[in-house]
Amino acid sequence: MGKITPVLMAGGSGTRLWPVSRKSFPKQFAALVGDETLFQASARRLSGPLFGAPVVMTNSDFRFIVAEQLEQAGIAPGAIVIEPAGRNTAPAILAAALMVAAEDLDRLVLVAPSDHVIPDAEAFAAAVAEGAGAAAQGRIVTFGITPDRPETGYGYLQLASTGGGPQPLGRFVEKPDAATAADMVAAGNFLWNAGIFLFSARTMIDAFRTHAPAYLQPVQAALDEAKTDLGFLRLAREPWAEAEDNSIDYAVMEKADNLSVVRFSGRWSDLGGWDAVWREALGQAPSDTGVVTDARSTAIDCHDVLLRSDSEDLEVVGIGLSDLMVVATADAVLVADRSRAQDVRQAVSALKAKRAKQAESFPRDHRPWGWFETLALADRFQVKRIVVKPGAALSLQSHVHRSEHWVVVSGTARVTVDDRVTLVTENQSIYVPLGAVHRMENPGKVPMVLIEVQTGSYLGEDDIIRYEDVYSRSSAD
């Protein structure tokens with residue numbers, strides 16, 4: 001049996017870990033537990049002798065983040081696939097299976113979310129190896145987590161029998177109420193549904209052909225008409241839009257009769273809320289008082305609390321607190337009872353209703369060339385800090401409504417303004433008039449930092465006309 005192809009699902013944008021996770025930069029790309037991001041830890045966990053190069057399913061907004069984080073982790077992808085629009089997991093998983101089948105119909109594929117925490121990578125690899133034989137024989141193998149508490153936030157898998165090795169699946173159980181969850185944990189034959197699947201490409205394609213045939217034509221057409229774009233594989237938009245928006249559970253898994261379950265008894269969390277982050281941190285560093293803090297947080301006479309600051313300039317101090325979660329970023333603070341962790345999404349909905357930018361966006365905006373953040377914004381002016389990675393370049397562009405003044409703080413910028421190209425070094429500045437065609441590049445080997453002062457009647461990011469772009473973006477991208 002050859003190597004297993006891992007497929008990492010990295011296109012989601014959860015709201016339950018707001019304010020650290022937002023639509024513009026969701027939780028899988030954040031370092032919520034440890035120094036690595038959840039995405040990097042997942043990619044590393046699915047590497048090694050058992051696995052081939054990973055396939056990553058993501059969207060256009062996250063493609064450069066995916067590529068950068070894989071490069072930082074030292075992992076070369078087999079493919080980074082861009083979904084034109086979010087259609088849930090069913091079409092994405094079928095697309096991955098069809099891609100693998102084009103090379104080897106019988107190759108095994110492991111589909112996993114990219115935002116889960118599984119500290120023991122060796123134990124997880126052993127569980128995957130345990131299920132590989134059943135998957136090679138035409139079973140769809142799912143992985144169930146041995147529960148250590150009644151949990152109402154997870155779906156469950158009921159085993160049809162007990163014993164070692166892959167077991168037949170009895171049924172899926174939706175998220176239960178507290179009493180039902182307690183009964184299921186006590187019964188011993190119910191496992192948490194981790195949403196991780198192992199199968200051969202042939203088996204999954206046959207499952208769609210039997211249970212959800214309407215997906216085959218549009219997803220295959222989206223692959224056939226896909227375009228390579230700067231090393232990414234961009235699926236065709238029109239046929240992809242014809243695929244129904246549905247999860248793999250509803251489209252296939254709950255109808256299939258060839259499902260098996262491998263029990264995994266190691267630590268696992270989907271980090272589905274700040275209570276899960278608190279619990280995971282306590283698992284790594286137990287505390288008699290149940291207090292979890294980071295380097296910029298201080299707890300005085302507190303019990304069972306999470307205090308966290310993701311801003312270098314903001315200290316969080318709790319005094320006499322119990323059963324609370326306090327999470328601060330540079331532009332937002334969450335204070336909530338731990339028992340209300342699943343209700344954080346309501347905060348995002350409320351902020352969206354009042355059109356608060358904090359609902360979905362961060363002050364720091366990540367781009368393929370680096371990042372920028374707004375330091376000051378008022379009527380007719382904006383001040384930004386811009387960091388450009390070594391060798392990177394912004395697009396050749398112009399603006400209809402604003403002029404710009406750039407001051408280099410560190411490094412060297414190569415600046416094009418109309419027909420003039422200038423090297424601008426530390427403590428030097430250059431003016432970009434309204435309407436001028438301009439570009440900024442970093443020709444050096446260290447990050448280049450500059451302060452940009454914009455003045456004009458409109459300062460939105462959509463006031464960009466792009467003429468050339470090494471990242472193949474449109475004006476709205």
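Note that this is a predicted model, so its numbers are computed, not measured.

## Quick notes on the packing of aromatic side chains
Inspection of every chain in the model, using the stated rule, returns 12 aromatic pairs. With a centroid separation of 6.2 Å and an interplanar angle of 45°, the aromatic rings of Trp192 and Trp268 are classed as tilted. One end of the pair, Trp192, is in strand E8 (residues 190-200); the other, Trp268, is in the loop between strand E11 (259-264) and helix H10 (274-284), and 76 residues separate them in sequence. The same class applies to Trp192 and to Trp268, which are both buried. Its end group placed over the ring of Phe372, Lys384 keeps NZ or CZ at 4.0 Å from the ring centre.

## Let's talk about the sheet that holds strand E20 (residues 381-388)
Strand order in this open sheet of six strands is E18-E19-E20-E27-E22-E25, and the pairing throughout is antiparallel. Edge positions in the sheet fall to strand E18 (364-367) and strand E25 (429-432), since each of these pairs with one other strand and no more. For this sheet, the mean angle separating the axes of adjacent strands, direction not counted, is 20°. Pairing between E18 and strand E19 (residues 370-378): four bridges, direction antiparallel. Across the sheet, residue Asp365 finds its bridge partner in E19, namely Phe372.

## Concerning the pairing of strand E7 (residues 167-173)
Note: strand E6 (residues 156-159) against E7, four bridges, orientation antiparallel. Bridge pairing in E7 links Gln158 to Arg171.

## A few points about the sheet that holds strand E14 (residues 305-309)
An order of E12-E14-E16-E17 is seen for the four strands of this open sheet, with the pairing classed as mixed. Strand pairing shows two members of the sheet lacking a second neighbour, strand E12 (291-293) and strand E17 (333-337), which therefore form its edges. Across the sheet, the mean angle from the axis of one strand to that of its neighbour is 5°, orientation sign disregarded. With four bridges connecting them, E14 and strand E16 (residues 324-328) associate as parallel partners. Pairing of Ser309 across the sheet is with Ala328, part of E16.

## Things to note about the environment of Ala332
Take Ala332: it is sitting in the loop between E16 and E17. Dropping the residues within four chain positions of it, Ala332 is found in contact with Trp18, Pro19, Arg22, Val327 and Gln358.

## Here's the deal with the nonpolar core
Core analysis: the largest hydrophobic core is formed by 65 residues, its most contacted members being Leu110, Phe143 and Leu198. Ranked by residues supplied to this core, first place goes to helix H4 (residues 121-136) with six residues. With 49 residues, the next largest nonpolar core counts Val109, Leu159, Trp240 and Ile248 among its residues.

## Structural notes on the UniProt feature "domain: Nucleotidyl transferase" (unreviewed entry) in the protein chain
The UniProt feature table records "domain: Nucleotidyl transferase" (unreviewed entry) at residues 6-280. In this annotation, residues 6-280 is assigned 35% helix and 22% strand; the end-to-end C-alpha distance for the span is 25 Å.

## A word on the pattern of salt bridges
Here the structure, examined in full by the defined rule, presents 24 salt bridges. One salt bridge connects Glu373 with Arg364, and the closest N-O pair in it is separated by 3.9 Å. Judged by relative accessible area, which is 11%, Glu373 ranks as buried. A network of salt bridges, in which partner residues are shared, links Asp365, Arg367, Lys384 and Glu461.

## Concerning a negative patch on the surface
A cluster of acidic residues, Asp224, Glu225, Glu238 and Glu242, forms a negative patch at the surface. By the element assignment, Glu238 lies in helix H8 (residues 237-241). Taking relative accessible area as the criterion, Glu238 reaches 67% and is therefore assigned exposed.

## Comments concerning a nonpolar patch on the surface
Together, Ile300, Val317 and Ile319 make up a nonpolar patch on the protein surface, roughly 300 Å² of accessible area in all. As for its position among the elements, Ile300 is in strand E13 (residues 297-300). A relative accessible area of 42% places Ile300 in the partly exposed class.

## Observations concerning the pairing of strand E22 (residues 402-410)
Sheet topology note: the E22/strand E27 (residues 448-456) ladder contains eight bridges and is antiparallel. Looking across to E27, one finds that Val408 is bridged to Leu450. In this structure, E22 lies alongside E25, joined through four bridges in antiparallel fashion. If you follow Trp406 over to E25, its bridge partner there is Ile430.

Reading the values: rules and limits
Residues numbered from 1 in each chain as written. Predicted model: local features only at pLDDT ≥ 70, side-chain atom pairs only at ≥ 80, totals over all residues. Heavy atoms only, no water. Phe/Tyr/Trp six-rings, centres within 6.5 Å; stacked < 30°, edge-to-face > 60°. Helix = DSSP H or I, 4+ residues; strand = E, 2+ residues; numbered from the N terminus. Buried < 20%, exposed > 50% of the residue type's maximum accessible area, 1.4 Å probe, protein only. Lys NZ or Arg CZ within 6 Å of the ring centre and 35° of its normal. Pairing = 2+ DSSP bridges. Axes fitted to C-alpha atoms, helices over the stretch in contact; angles between N-to-C directions. Contact = heavy atoms within 4.5 Å. Core = buried A, V, L, I, M, F, W, Y, C linked by side-chain atoms within 4.5 Å. UniProt positions renumbered as here; feature names shortened; annotations may be inferred. Salt bridge = Lys/Arg side-chain N within 4 Å of Asp/Glu carboxyl O. Patch = residues over 30% accessible without salt bridge, like charges linked within 9 Å, V, L, I, M, F, W, Y side chains within 5 Å. Areas by Shrake-Rupley, 256 points an atom, 1.4 Å probe, with all protein chains shown as cover. Lys, Arg positive; Asp, Glu negative; His and termini not counted. Charge placed at Lys NZ, Arg CZ, Asp CG, Glu CD.

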